[in-house]
Amino acid sequence: MKRIHKESLKEALKAWEEKYRVIAPRLTERDERIFDTFDEAWFTLDYAKPSLPLKHALFPQSEAVFQVDQGIYRSIIREEPALLFGIRSCDLKGMLQSLSFMSKDFDDRFYTLRAKNTAAIVMACPGQQSPTCFCTTTRSGPWADGGFDLQLYENGDSFLVEIGSSRGEDLASSELFEDASDPAAREKVTSFRRRAAQSIPLVPEIEQAMEKLRTTGAPDELWERFGMKCITCGGCSFVCPTCTCFNVSDRVLTEGSGERMRSWDACLYAGFTKEASGHNPRHSQALRIKRRHEHKLLYHGDRDTHGGLCTCVGCGRCSDYCPVHIGALEVARDMSAKIF
Amino acid sequence: MDSHPNIYQPFPVFIARTLPQISEHRLFQLKLEDGGTWERFGHQPGQFIEVSIFGKGEAPISISSPPTRPDVLEICVRRAGRLTGSLFELGKGSRLHVRGPYGRGFPVDKLKGRKLLLVAGGLGLAPLRSLLLYVLDRREEFKDLILMYGTNNPDNVLFKYELLSFFDRNDITYFYSVDRDQEGIWKQYVGVVTGLFDQAQLSPDDTCAVLCGPPVMYRFVLEKLLKLGFAKENIYMSLERMMKCGVGKCGHCAIGEKYCCMDGPVFNYTEIEHIKEAI
Ligand SMILES: Cc1cc2nc3c(=O)[nH]c(=O)nc-3n(C[C@H](O)[C@H](O)[C@H](O)COP(=O)(O)OP(=O)(O)OC[C@H]3O[C@@H](n4cnc5c(N)ncnc54)[C@H](O)[C@@H]3O)c2cc1C
Ligand code: SF4
Ligand code: FES
């Protein structure tokens, strides 16, 4: 364990910038809190739940998987060290789950190399960051139990720093970091964790919904009701830390040259499963909503969950953003209201 | 070389020959650019490749030829849209890009020593042909072979000459059907493919059934097979799904907990019967 004073943090970030592209929370001119390239003047620690998970740091919204130059195909896999400062444990869990998926069977080098070259510094949550947080239920927070390089616990005018990897060791090796291996520091972390976990209520309906899907399944009527409401914006997938579906298209620059792109896609769209014959196995919005929620709560192996409860990491963003209230929380509550 | 290649990047091949089939369907024979055989490709009957023409996209296409004939790789393509349409503009010597082989094909090892019933509908014969020719090339490793093939009308019979050539063989029993025969030229069964079951002498106890066709065919053929007493674990079928990546990443082909491109496209019936949306 180490300790860093809050006023030294910017110094540390500046030092890391020499080796990494540093992504950190910042304010905007319109007083929003976003994650972007570290900027000393706009840097903030007052950011609660970031509006988006940093999934795009490992899985850009759109990226080239190869280039074609006058008919010659060339791979372009770039390696660039990056550092994500201040991410939340739910979002880290999302990345770890996605890494398992992207590396199994066929190795998606775009994802796995970026994951390897990206350092993760987690900011443990001192308590519920918004009313939709349910990471204690999904076993993905409020602190990370592994997979990070450093994890920070706020402690008065300093942070206690947990080291999670040899890269983390290296990141915390400068004189800005003091040793804090005393029992008092351990005790501080333990009570921080206890207070944080207690402040985030459990949502038993999530496990009840999982059980329902495993046994009888949810009634068609439920999916039809949600299907009628969904406006097919795809937002729930795009803000989800664990949604990684993509579409593939060619970006032609000049005749015979260009890039093959892969871009975020969403299973909520009608065309997602439509075959060339016109046949569509998920032919209604009800079936597409069902798919999305079953994928999170039912269809996953142990490897995919990375120690979590399921492939929903409890960040609550689908409930925050869906314009018609079809988040994981609403769906699970609706499902379990019918059994009890 | 990177020990983890870019799984999305195809390699170049060229068209050695194109053979028109029926209207809007064409057979392409592909060769490797270095002149070698496809043996090192290591494909199995029932697997597919991803075919690319840059600017027109990429599409999963079944391998129609068996690994026992490795000089060329054959694909039978129906003109359906951008990629498949562009293929029809290419002739002998043209270059295209492919990657694969992908997916789990027919369980050849489990089928060895068994009686086989192959049922194809329409373009479903394209993937099933890789198994059919494989069995014919290694005939002694399999027992009785029955082929049932149905199309909508006599003009739409794929691989016509190959099918006709079976007239000269006594190691395959075949039944062909057409749904409609307006001109009255069809000499065999007229009606849906399930009607063929009443003509064939089947022994459901020791026969494996392998199906390949449109979703509606599966519903009726499955009902028939189960009624005849086929065990569910002796029924295999190749499913089609919208596929983009072919390697288990893009998510388009998911069926329940399965990914059609990785766990399929060939499934045993027991693996998918519990998934409502599978068939
Ligand atoms: C495992 C597997 C094996 C397969 N094997 C074979 C095979 O052996 N042979 C074969 O032929 N096919 C096969 N298919 C199907 C094949 O993959 C599709 O036909 C192919 O992906 C279509 O791609 P495309 O780019 O040509 O069509 P797309 O351009 O993607 O068109 C798809 C749909 O869009 C429509 N469309 C296209 N252009 C327009 C337009 N301008 N305006 C309006 N609508 C339009 C088409 O009618 C079609 O319904 C297989 C599929 C799978 C999953
Ligand atoms: S955010 Fe809501 S409305 Fe938009 S696609 Fe998702 S469920 Fe449908
Ligand atoms: S086609 Fe991409 S996951 Fe199967």
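Please read these numbers as outputs of a predicted model, since none were measured by experiment. (Residues numbered from 1 in each chain as written. Chains lettered and ligands numbered in written order. Predicted model: local features only at pLDDT ≥ 70, side-chain atom pairs only at ≥ 80, totals over all residues. Heavy atoms only, no water.)

Let's talk about the overall build of chain A
Item 1. When its secondary structure is counted, chain A shows 14 helices and 12 strands.
Item 2. Computed over C-alpha atoms, the radius of gyration of chain A comes to 21 Å, within 12% of the 20 Å expected from 2.2 N^0.38 for 340 residues, which places it in the range of a compact globule.
Item 3. Here chain A holds 340 residues, and 56% of them are scored as buried.
Item 4. Residue pairs at least 24 apart in sequence account for 73% of intrachain contacts in chain A once pairs closer than 6 positions are excluded. (Helix = DSSP H or I, 4+ residues; strand = E, 2+ residues; numbered from the N terminus. Rg over C-alpha atoms; globule rule 2.2 N^0.38 Å. Buried < 20%, exposed > 50% of the residue type's maximum accessible area, 1.4 Å probe, protein only. Contact = heavy atoms within 4.5 Å.)

Some details on the overall build of chain B
Item 1. Secondary structure summary: chain B contains 7 helices and 15 strands in total.
Item 2. C-alpha atoms of chain B, sized along the principal axes, occupy 55 × 45 × 35 Å.
Item 3. Relative to its 279 residues, chain B shows a buried fraction of 58%.
Item 4. Relative to all contacts within chain B whose residues are 6 or more apart in sequence, the contacts with residues 24 or more apart total 67%.
Item 5. For chain B, the computed accessible surface area is about 11,900 Å², with 48% contributed by carbon and sulfur atoms.
Item 6. In chain B, 34 positive and 33 negative side-chain charges are present, and the distance between their average locations comes to 3 Å. (Areas by Shrake-Rupley, 256 points an atom, 1.4 Å probe, with all protein chains shown as cover. Lys, Arg positive; Asp, Glu negative; His and termini not counted. Charge placed at Lys NZ, Arg CZ, Asp CG, Glu CD.)

Side note on the pairing of strand β1 (residues 11–20) of chain B
A regular strand carries its side chains on alternate faces of the sheet.
Residue and element names in this part refer to chain B.
Item 1. Of the strand pairs in this sheet, β1 and strand β6 (residues 95–102) are connected by 4 bridges, and their pairing is antiparallel. When the sheet's bridge partners are listed, V13 is paired in β6 with L96.
Item 2. Strand direction decides the pairing type here: β1 and strand β2 (residues 25–32), joined by 7 bridges, are antiparallel. The residue of β2 that forms the bridge with P20 is R26. (Pairing = 2+ DSSP bridges.)

Details of empty space enclosed by the protein
Residue and element names in this part refer to chain A.
Item 1. Summed over the entire model, instances satisfying the criterion amount to 4 cavities of 30 Å³ or more.
Item 2. Within this model, the largest cavity holds a volume of roughly 110 Å³.
Item 3. C240, P241, R292, C312 and C318 are the residues nearest the centre of the largest cavity, which is lined by 18 residues in total.
Item 4. Mapped by element, the contributors of at least two residues to the lining of the largest cavity are α11 (285–297) and α13 (317–321).
Item 5. Here the lining of the largest cavity takes 3 residues from α11, the largest share from any one element. (1 Å grid on protein atoms, 1.4 Å probe; cavity = no way out; pocket = protein on both sides within 12 Å on 5 of 7 lines; lining within 4 Å. Points joined across faces, edges and corners; volume = space filled by probe spheres on them.)

Structural notes on the sheet that holds strand β3 (residues 48–53) of chain B
Residues and elements named next belong to chain B.
Item 1. An order of β4-β3-β6-β1-β2-β5 is seen for the 6 strands of this open sheet, with the pairing classed as antiparallel. The open sheet has two edge strands, β4 (57–62) and β5 (73–78), and neither has a second partner. In this sheet, neighbouring strand axes are inclined to one another by 40° on average, regardless of whether the strands run parallel or antiparallel. (Axes fitted to C-alpha atoms, helices over the stretch in contact; angles between N-to-C directions.)

A closer look at the pattern of salt bridges
Residue and element names in this part refer to chain A.
Item 1. Within this structure, the stated rule accounts for 46 salt bridges over all chains.
Item 2. E178 serves as the salt-bridge partner of R3, at 4.0 Å between the closest nitrogen and oxygen. Linking R3 in strand β1 (residues 2–5) with E178 in strand β10 (residues 178–179), this pair joins segments that are 175 residues apart in sequence.
Item 3. Judged by relative accessible area, E178 falls into the partly exposed class, the value being 35%.
Item 4. Connected through shared salt-bridge partners, E63, D108, R114 and R262 make up one network. (Salt bridge = Lys/Arg side-chain N within 4 Å of Asp/Glu carboxyl O.)

Structural notes on the environment of T194 of chain B
Residues and elements named next belong to chain B.
Item 1. With respect to the element layout, T194 can be found in the loop between β10 (189–190) and β11 (207–212).
Item 2. We classify T194 as buried; its relative accessible area is 13%.
Item 3. For the pair T194 and K224, spaced 30 residues apart in sequence, the C-alpha to C-alpha distance is 7.1 Å.
Item 4. In this structure, T194 is in contact with F220, V221 and K224, ignoring residues within four places of it in sequence.

As for the packing of aromatic side chains
Item 1. Applying the stated rule across the entire model yields 22 aromatic pairs over all chains.
Item 2. Centroid distance Y174 of chain B to Y176 of chain B: 5.2 Å. Interplanar angle 20°. Geometry classified as stacked. Per residue, the accessibility class of Y174 of chain B equals that of Y176 of chain B, and both read buried.
Item 3. The rings of F59, F110, F238, F246, W264 and Y269 of chain A together with Y8 of chain B are connected pair by pair, giving a single aromatic cluster.
Item 4. The ring of F159 of chain A carries the charged tip of K6 of chain A above its face, separated from the ring centre by 5.5 Å.
Item 5. Over the face of the ring belonging to F226 of chain A we find R225 of chain A, whose NZ or CZ atom lies 5.9 Å from the ring centre. (Phe/Tyr/Trp six-rings, centres within 6.5 Å; stacked < 30°, edge-to-face > 60°. Lys NZ or Arg CZ within 6 Å of the ring centre and 35° of its normal.)

Re the site of ligand 2
Item 1. All residues in the neighbourhood of ligand 2 are listed as C230, I231, T232, C233, G234, C236, L268, I289, C322, P323, V324 and I326 of chain A.
Item 2. The residue makeup of the shell around ligand 2, split by class, is 10 nonpolar, 2 polar and no charged. (Near = heavy atom within 4 Å. Nonpolar A, V, L, I, M, F, W, Y, C, P; charged D, E, K, R; others polar.)

A closer look at the nonpolar core
As a rule of thumb, nonpolar side chains are buried together in soluble globular proteins.
Item 1. Grouped together as the largest cluster of nonpolar side chains are 128 residues, with contacts concentrated most on W16 and F85 of chain A together with L117 and L211 of chain B.
Item 2. In terms of residues, this core owes the most to one element, helix α3 (residues 125–137) of chain B, which gives 9 residues.
Item 3. Apart from the residues lying within four places of it in its own chain, the contact partners of F85 of chain A are L9, L13, W16, I23, A24, P25, F35, F43, L45, I121, M123 and L152 of chain A.
Item 4. C230, C245, I326 and V331 of chain A belong to the second largest nonpolar core, which has 31 residues in total. (Core = buried A, V, L, I, M, F, W, Y, C linked by side-chain atoms within 4.5 Å.)

What about the interface of chain A and chain B?
Where interface size is given, it is often the accessible area lost as the parts come together that is meant.
Item 1. With 48 residues of chain A in contact, the opposing surface of chain B contributes 40 residues.
Item 2. Summing the contributions of chain A and of chain B, the shared interface buries around 3,500 Å²; its carbon and sulfur component is 56%.
Item 3. Along the contact surface separating chain A from chain B lie 2 salt bridges.
Item 4. Put simply, chain A and chain B have 23 residue pairs in polar contact (both at pLDDT 80 or more) between them.
Item 5. Listing elements by their share of the side of chain A that touches chain B, those giving two or more residues are β4 (62–69), β5 (72–74), α3 (89–103), α4 (109–116), β11 (246–254), β12 (257–264) and α11 of chain A.
Item 6. With 6 residues, the single largest contributor to the side of chain A that touches chain B is β11 of chain A. (Buried area = accessible area lost by both parts, 1.4 Å probe. Polar contact = N/O pair within 3.5 Å; in protein donor to acceptor, adjacent residues only side chain to side chain.)

Remarks on the domain arrangement of chain B
All names here are of chain B.
Item 1. For chain B, the assigned domains are domain 1 (11–102) and domain 2 (108–278).
Item 2. Distance from the C-alpha centre of domain 1 to the C-alpha centre of domain 2: 22 Å.
Item 3. Counting residues at the interface gives 24 residues for domain 1 and 24 residues for domain 2.
Item 4. In total, domain 1 and domain 2 occlude about 2,000 Å² of area from one another, counting both sides; carbon and sulfur atoms represent 60% of this.
Item 5. If you look at where domain 1 meets domain 2, you find 2 salt bridges.
Item 6. The shortest N-O distance in the salt bridge between E74 and R129 comes to 2.9 Å.
Item 7. Our enumeration of links across domain 1 and domain 2 arrives at 9 residue pairs in polar contact (both at pLDDT 80 or more).
Item 8. At the level of elements, β2, β3, β4, β5 and β6 are the ones that each hand at least two residues to the side of domain 1 that touches domain 2. (Domains from an automatic or database assignment.)

A few points about the confidence of the model for chain A
When pLDDT drops low, the exact placement of atoms in the prediction is not to be read closely.
Item 1. Looking at chain A as a whole, its pLDDT mean stands at 94, while 99% of the residues score no less than 70.
Item 2. Looking over chain A, one finds the lowest element-wise mean pLDDT in helix α12 (residues 302–305) of chain A, namely 80, and the highest in strand β7 (residues 118–123) of chain A, namely 98. (pLDDT = per-residue confidence, 0-100.)

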